[in-house]
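Commentary on secondary and tertiary structure
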Amino acid sequence: MDIIKAVQLYLDKIVAECGPGMKVLLMDKETTSIISMVFSQSEMMQKDVFLFERIDGGRSNERMKYLKCIVFLRPTSENISRLCAELENPKYGSYYLYFSNVLPRTDVKLLAEKDQSESVREIKEVYADYLAVNRDLFSLNIPTSLNALTWIPSALNRSVDGIISVLLSLKVRPSIRYRSTSTPAQTLGKKIYDMMNKETALFSFRPPDDGVPPPLLLILDRRDDPVTPLLNQWTYQAMVHELLTINNNRVDLSKVKDVPKELKEVVLSADQDEVYAKNLYSNFGEIANVIKTMMDEFQVKAKDQRKIESIADMKNFVETYPQFKKMSGTVTKHLVVISELSLQVNKQNLFEISELEQEIACRSDHSAQLQRVTKLISDENVSLHNALRLVLLYALRYERHANCGTAGLLQKIKARGGKAFLVPRILEYVSQSGRQDLFDITNLSDAVKMTRQMLKGLKGVENVYTQHNCLLKEILDEVFKGRPLDQQFPSIGNQVPYRRPPQEVIVFTIGGVTYEEAYEVHKLNQAGYKVILGGTTIHNSNSFLNELLDATNGIQFKHNRLLQAFHSPEGV
């Protein structure tokens, strides 16, 4: 189960079917991102694709009948309309039409009617309707999926399309389970089930051998675990996303002081950058050592490049210069990124902040933690964003504590000009099952339920910055141990009961996933399991708080005491 490979194979097939000759690639905004995640522009040019255009704007009117046009679009009504206009007045000699998902027959008929010049040579579906981030991680790039804690219709439809595409590209027809307390998860699961039954021919894959359970599609809800996206992370990919933000494998470094012009924006792709691929999950200290080793190796090679004393030296220089140049660019890129991460860690005092975050997330010590939170959020050197995260974590942990000090902390955030209104919002956002798993500790009697507590103490943990275990890890542990799932994760449709746990699991989280969760999935895959993780988006703490704000718009708030504290100048 390698989703980067799956998308690459589709695109290789598309280009190969057009035959030799110069080609233009006509895309929309989303398919442009889908392609750029798995192939660089230079790699596409090596496949004889020399011109890249967007059907939704910015095109020239020049006719180029000598070019073959590969069209790769999402099958939306807007794209079909634009393509019909293109076929009525074709710019290119021939067209090869490929759609990233299921194309309705009515649209096929409409396109055929508009192709009066008979320039269309091929029309096919290729199921690459998602962003392949890592080999076991995908995103649909939906920044906000809920409003008033219910599905935004366009986000629901896009999620159905994306998941169907993932299933078809992996050639699996899974059983479906969803979080029992999540209405959005149930709605999504039913729509996917209905689509699989509607498109029976597409899902007629060879069933597993007798006794082997089918793959499992597990639909989760971010509301069950609002803690994970609030925590600072210390692995390379996660740190870059938290402190610099990764957008479709690109990192904007334009605001970094003295950054070279060619590094104003850098690409961090696990498929195109070997150094990045090997160190996605290296911790902060490890990646710093890797960069130092790379620098040492580069300096040795740089000296060798200067020693040209014979014909043999010149020949060696010509042969090795491309690799030397590539190494130079890779070393410089990662050095700039890791230097900026180091600067931000020190500037934001993230060691102390992260240690307290982990303490709040993993063990109960109300009095001491309240004192430390109060001290840090009163420090003007602590950014408002980091101060707010500490208060949000405290509010989630101690919502029901007899001496809960959230109202007072909220007033301090408000006095500094921070987004204090997010504190009551997150308490409305967290699901009832999430609230129980987070806070109902005193009444837990069975050991299985205890393992699912998101905020819990850990024994024997040496690294104080990585104590937290995300809820996804606990759930997948239960799945692969073959524990009964019916109560918390009911199935959709008539599922045959299996005694053995599934061998392949695809997890989709409504409301976004995090790179901490991707790391847990990576470790499971390294251990021999087969897991793919996806979500509506990939969050850092900023994007999560933005989605939290949108998701809670229009709901009826219950935390009146906190709302009074927010609106009152004295607090309550």
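Quick caveat, the model's predicted, so the values are computed rather than measured. (Residues numbered from 1 in each chain as written. Predicted model: local features only at pLDDT ≥ 70, side-chain atom pairs only at ≥ 80, totals over all residues. Heavy atoms only, no water.)

Details of helix α12 (residues 350-362)
Its 13 residues place the ends of α12 18 Å apart at the C-alpha level, agreeing with the 18 Å of an ideal helix rising 1.5 Å per residue. Of all 13 residues in α12, 10 are buried; the element is thus mostly enclosed. Regarding α12, the residues found buried are L350, I353, S354, L356, E357, Q358, E359, I360, A361 and C362. (Helix = DSSP H or I, 4+ residues; strand = E, 2+ residues; numbered from the N terminus. Expected span 1.5 Å × (residues − 1). Buried < 20%, exposed > 50% of the residue type's maximum accessible area, 1.4 Å probe, protein only.)

Considering the environment of K523
Here K523 is to be found in helix α20 (residues 515-526). For K523 and Y281, which are 242 residues apart along the polypeptide, the C-alpha to C-alpha distance reads 9.6 Å.

Concerning the nonpolar core
Grouped together as the largest cluster of nonpolar side chains are 152 residues, with contacts concentrated most on F72, L188, I192 and L341. At 10 residues, helix α14 (residues 384-398) tops the list of elements feeding residues into this core. Membership of the second largest hydrophobic core comes to 18 residues, among which are V24, L73, L83 and F99. (Core = buried A, V, L, I, M, F, W, Y, C linked by side-chain atoms within 4.5 Å.)

Section: the packing of aromatic side chains
Within this structure, the stated rule accounts for 14 aromatic pairs. Arranged with centres 6.2 Å apart and planes meeting at 25°, the rings of F138 and F508 form a pair that is stacked. Of this pair, F138 sits in strand β7 (residues 137-139) while F508 sits in strand β16 (residues 504-510), and the two are 370 residues apart along the sequence. Exposure class is identical for F138 and F508. Each is buried. With a centroid separation of 5.2 Å and an interplanar angle of 15°, the aromatic rings of Y281 and Y519 are classed as stacked. Of this pair, Y281 sits in the loop between α9 (274-279) and α10 (284-306) while Y519 sits in helix α20, and the two are 238 residues apart along the sequence. (Phe/Tyr/Trp six-rings, centres within 6.5 Å; stacked < 30°, edge-to-face > 60°.)

Points about the pattern of salt bridges
For the structure shown, the criterion picks out 26 salt bridges. One salt bridge in this structure joins D129 and R158, with 3.4 Å as the shortest N-O distance. Residue D129 is located in the loop between β5 (120-125) and β6 (131-134), and its partner R158 is located in helix α6 (residues 153-170); the two are separated by 29 residues in the primary sequence. Taking relative accessible area as the criterion, D129 reaches 0% and is therefore assigned buried. Classification of R158 by relative accessible area gives buried; the value is 10%. For R222, the salt bridge is made with E517, and the minimal N-O distance between the two is 2.8 Å. One end of the pair, R222, is in the loop between β11 (216-221) and α8 (236-243); the other, E517, is in helix α20, and 295 residues separate them in sequence. Overall, the relative accessible area of 1% leaves R222 in the buried class. The class of E517 is buried, set by a relative accessible area of 3%. (Salt bridge = Lys/Arg side-chain N within 4 Å of Asp/Glu carboxyl O.)

Overview of the sheet that holds strand β12 (residues 246-247)
Spatially, β12-β13-β14 is the arrangement adopted by the 3 strands of the open sheet, whose pairing is antiparallel. Strand pairing shows two members of the sheet lacking a second neighbour, β12 and β14 (265-267), which therefore form its edges. When β12 meets strand β13 (residues 250-252), the two strands line up antiparallel, connected through 2 bridges. Among the inter-strand pairings, N247 is bridged to a residue of β13, identified as R250. (Pairing = 2+ DSSP bridges.)

Some remarks on the sheet that holds strand β10 (residues 175-178)
Sheet architecture is open: 7 strands sit in the order β6-β7-β17-β16-β11-β10-β15, paired in mixed fashion. Of all the strands in the sheet, the pair left with one neighbour each is β6 and β15 (491-492). Here β6 pairs with β7 via 3 bridges, running antiparallel. Paired with L131 across the bridge in β7 is S139. Contacts from helix α1 (residues 3-17) reach β6, β7 and β17 (530-535), with the element oriented near 140° to β6. (Contact = heavy atoms within 4.5 Å. Axes fitted to C-alpha atoms, helices over the stretch in contact; angles between N-to-C directions.)

As for a nonpolar patch on the surface
Among the surface-exposed residues, M22, M45, F50 and Y66 lie close enough to one another that they form a single nonpolar patch of about 420 Å² accessible area. Assessed through its relative accessible area of 43%, M22 is described here as partly exposed. (Patch = residues over 30% accessible without salt bridge, like charges linked within 9 Å, V, L, I, M, F, W, Y side chains within 5 Å. Areas by Shrake-Rupley, 256 points an atom, 1.4 Å probe, with all protein chains shown as cover.)

A few points about α8
Of all 8 residues that make up α8, 8 are buried, and the element is covered over most of its length. For α8, the set of buried residues is Y236, Q237, A238, M239, V240, H241, E242 and L243. Directly beyond the C-terminal end of α8, a positive phi value near 75° is found at T245.

Quick word on the side chain of D221
Along the chain, the position of D221 falls in strand β11. One buried charge, D221, has no salt-bridge partner; the nearest side chain with opposite charge is R223, at 4.5 Å. Here the side chain of D221 touches S182 through a polar contact of 2.6 Å, side chain to side chain. There is a polar contact of 2.9 Å between the side chain of D221 and the backbone nitrogen of R223. Apart from residues no more than four positions distant in its own chain, D221 is found in contact with S182, P184, T509 and I510. (Lys, Arg positive; Asp, Glu negative; His and termini not counted. Polar contact = N/O pair within 3.5 Å; in protein donor to acceptor, adjacent residues only side chain to side chain.)

Re the packing of α12 against helix α13 (residues 366-377)
For the pair α12 and α13, the least separation of the axes is 11 Å and the interaxial angle reads 150°. Every pair of crossing elements has a handedness; the one defined by α12 and α13 is left-handed. Contacts between α12 and α13 involve E352, E355, L356, E359 and I360 from the former and Q369, R372, V373 and L376 from the latter. Along the lines of polarity and charge, the residues of the contact of α12 with α13 split into 4 nonpolar, 1 polar and 4 charged. (Left-handed = near helix turned anticlockwise from the far one by under 90°. Nonpolar A, V, L, I, M, F, W, Y, C, P; charged D, E, K, R; others polar.)

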